[in-house]
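# Notes for the structure review
What follows is each chain in one-letter form.
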Amino acid sequence: MVLLSCQAKPKTTAEVRCAFSADSAYTYIAQQMAFGARVPVTIEHQQCGDWLAAMLAQYGAQVRSQYGTMPNYAGEPQPLRNIVAYFEGNTPKPVLLCAHWDTRPWSDEEEDYDNRFEPVPGANDGASGVGVIIEIVRQLSLLKAQGAPVPSVQIVFFDCEDMGSPRHYTGKEREDTWCLGSQYWAREYAQTIATQSLHSPTQPIIQYGILLDMVGDPSATFPREYISATHAGNYLEQIWRTASRLGYGRYFVQQAAYPITDDHYYINTIAGIPCVDIIDYSSHTETGFAEWWHTQRDNMQNINHQTLQAVGETILTTICSK
């Protein structure tokens, strides 16, 4: 195969290998963390959301905030704000890049019971995926400014992903209490596609989607998650093959994983968009996630430049390759 760099340095394959800066992605994660925990309906959440919208607009995307409400785990109305953006490239059907940007209000997995009522800092669980996507958009904007062909990208930062029932809740639990923002967005997308005019579409039909969740762990492994393989198997294969060719097979492993309740489930089943979940998961822990998942230790100490590079470069190379 011949590698063609996004910097237009000809090598010897048909695949494009794009530049990606893990240092830049790391900075975007740290900047989110500087606002504090991004718990919905807090000042920290509002300020970070404004910053995210401004960053995407700075890199040439058309940005809007999608406000709404969804019933929470107790059936009460939960306000939400999805950050929705469109980066126009040279392809008619965009790729969806998405992650959740909120943080969980409770550190449920803390051993110390008193600490369970503190919000999760959310460096890996939330901020890492967002940081990688912002850096991808930045790189696409640089390429576009150079006159290089780039893919069109639909970006969504989902809110209220982590508002699922807390462990201390003893009432009657509703179904679908996680991923409230993606449920809301998926329904709007499906309704818009079903009713819009073919001659003047307000929402481009999305080709496929990639969800990033917890992509900064130093020892991360991304298995072939069941829902992704079932609904978006061809795209999963493309991403994993790209990772292997780039030398990142130790992260994008061939192991199969059980179905994981994440935003991609609703993107696949409600919006009808084939979507792959790139999520750190391991069968070696009790929860399947890192030992510091949903604890106070989800901080910048557990964000690794090499992991960010592997994920960001793999995705950017995949979406830019013909």
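Structural notes, computed from the coordinates. (Residues numbered from 1 in each chain as written. Predicted model: local features only at pLDDT ≥ 70, side-chain atom pairs only at ≥ 80, totals over all residues. Heavy atoms only, no water.)

## As for the pairing of strand S3 (residues 62-71)
For clarity, the cut-off: Strands qualify as paired when DSSP identifies two bridges or more between them. By definition, any uninterrupted DSSP run of H or I lasting at least four residues is a helix, any uninterrupted run of E lasting at least two residues is a strand, and each is numbered from the N terminus.
Relative to strand S4 (residues 77-87), S3 runs antiparallel, the two sharing ten bridges. When the bridges of S4 are listed, Thr69 appears paired with Pro79. In textbook terms, the turn of a hairpin is the stretch between consecutive antiparallel strands, and for S3 and S4 this stretch comprises five residues, one of which, Gly75, has a positive phi near 85°.

## Topic: the sheet that holds strand S10 (residues 275-279)
Hydrogen bonds along the backbone pair up the strands of a sheet, which may run parallel or antiparallel. Rules: Convention adopted: a line fitted to C-alpha atoms gives each axis, helices being fitted over their contacting stretch, and angles between N-to-C directions are expressed from 0 to 180 degrees. Between two residues, a contact is recorded if the distance between any of their heavy atoms is within 4.5 Å.
Strand order in the open sheet made by the six strands is S3-S4-S6-S5-S7-S10, with mixed pairing throughout. Edge strands, defined here as strands with exactly one partner in the open sheet, are S3 and S10. Each strand axis lies, on average, 20° off the axis of its neighbour in the sheet, ignoring direction. Bridge count for strand S5 (residues 95-100) against strand S7 (residues 208-213) is four bridges, and the pairing is parallel. Among the inter-strand pairings, Cys98 is bridged to a residue of S7, identified as Leu211. Running at roughly 110° to S3, helix H4 (residues 180-195) makes contact with S3, S4, S5 and strand S6 (153-158) of the sheet. The strands touched by helix H6 (residues 233-245) within the sheet are S7 and S10, with S10 carrying the most contacts at an inclination of about 40°.

## Remarks on the packing of helix H1 (residues 22-34) against helix H3 (residues 123-145)
Worth spelling out the cut-off: Each angle gets one of four labels, with under 35 degrees taken as roughly parallel, over 145 as roughly antiparallel, 65 to 115 as roughly perpendicular, and the rest as oblique. For any pair of crossing helices, the crossing counts as left-handed if the nearer helix is rotated counterclockwise from the farther one by less than a right angle, and right-handed if it is rotated clockwise. Only Asp, Glu, Lys and Arg are considered charged in this grouping, and only Ala, Val, Leu, Ile, Met, Phe, Trp, Tyr, Cys and Pro are considered nonpolar; every other residue, Gly among them, is considered polar.
Relative to each other, H1 and H3 sit at 130°, their axes nearing to 8 Å. By the angle between their axes, H1 is oblique relative to H3. Handedness of the crossing formed by H1 with H3: right-handed. Residues Ser24, Ala25, Tyr28, Ile29, Gln32 and Met33 of H1 pack against Ala123, Ala127, Ser128, Val130, Gly131, Val132, Ile134, Glu135 and Arg138 of H3. Of the residues contributing to the contact of H1 with H3, the split by class is nine nonpolar, four polar and two charged.

## What about helix H8 (residues 305-320)?
Which entries qualify depends on this criterion: One fewer than the residue count of a helix, multiplied by 1.5 Å, yields its expected span. Each residue gets one of three labels from its accessible area relative to the maximum for its type: buried under 20%, exposed over 50%, partly exposed in between, using a 1.4 Å probe on protein chains only. N or O atoms within 3.5 Å of each other form a polar contact, as long as, within protein, one can give a hydrogen and the other can take it, and as long as residues adjacent in sequence are counted only when both atoms are side-chain atoms.
Helix length check: H8, at 16 residues, gives a terminal C-alpha distance of 22 Å against a target of 22 Å (1.5 Å per residue), a fit within 8%. Extensive coverage of H8 is indicated by the burial of 14 of its 16 residues. Backbone nitrogen of Gln306 and a side-chain oxygen of the N-cap are separated by 2.9 Å at the start of H8; the cap is Asn304.

## Topic: the packing of aromatic side chains
Here is the rule we go by: Note on ring pairs: Phe, Tyr and Trp rings are taken, using the six-membered ring of Trp, and paired if centres are within 6.5 Å. Classes follow the plane angle, with under 30 degrees stacked, over 60 edge-to-face and the rest tilted. Think of it as a cone above the ring: NZ of Lys or CZ of Arg counts as a charge over the ring if it is within 6 Å of the ring centre and within 35 degrees of the ring normal.
Taken as a whole and assessed by the stated rule, the structure comprises 13 aromatic pairs. Taken together, a centroid distance of 5.0 Å and an interplanar angle of 85° make the contact between Tyr265 and Tyr266 edge-to-face. Tyr266 sits in the buried class, given a relative accessible area of 4%. Clustering of aromatic rings is evident, with ring pairs tying together Tyr73, Trp106 and Tyr169. Taking NZ or CZ as reference, Lys144 lies 5.1 Å from the ring centre of Phe87, over its face. Here Arg250 stacks its cationic end above the ring of Tyr251, 4.4 Å away from the centre of that ring.

## Structural notes on the environment of Asp298
Among the structural elements, Asp298 can be located in the loop between S10 and H8. For Asp298, a relative accessible area of 1% translates into the label buried. A C-alpha to C-alpha distance of 30 Å links Asp298 and Ala232, two positions 66 residues apart in sequence. Only 2.7 Å separates the side chain of Asp298 from the backbone nitrogen of Asn124, close enough to count as a polar contact.

## Quick word on the state of the cysteines
Put simply, the test is: Two cysteine sulfurs form what is called a disulfide whenever their separation falls within 2.5 Å.
Tallying each qualifying case throughout the model produces zero disulfides. With no disulfide of its own, Cys160 lies closest to Cys179 among cysteine sulfurs, the gap being 11 Å.

Read these as spatial facts, not as claims about activity.
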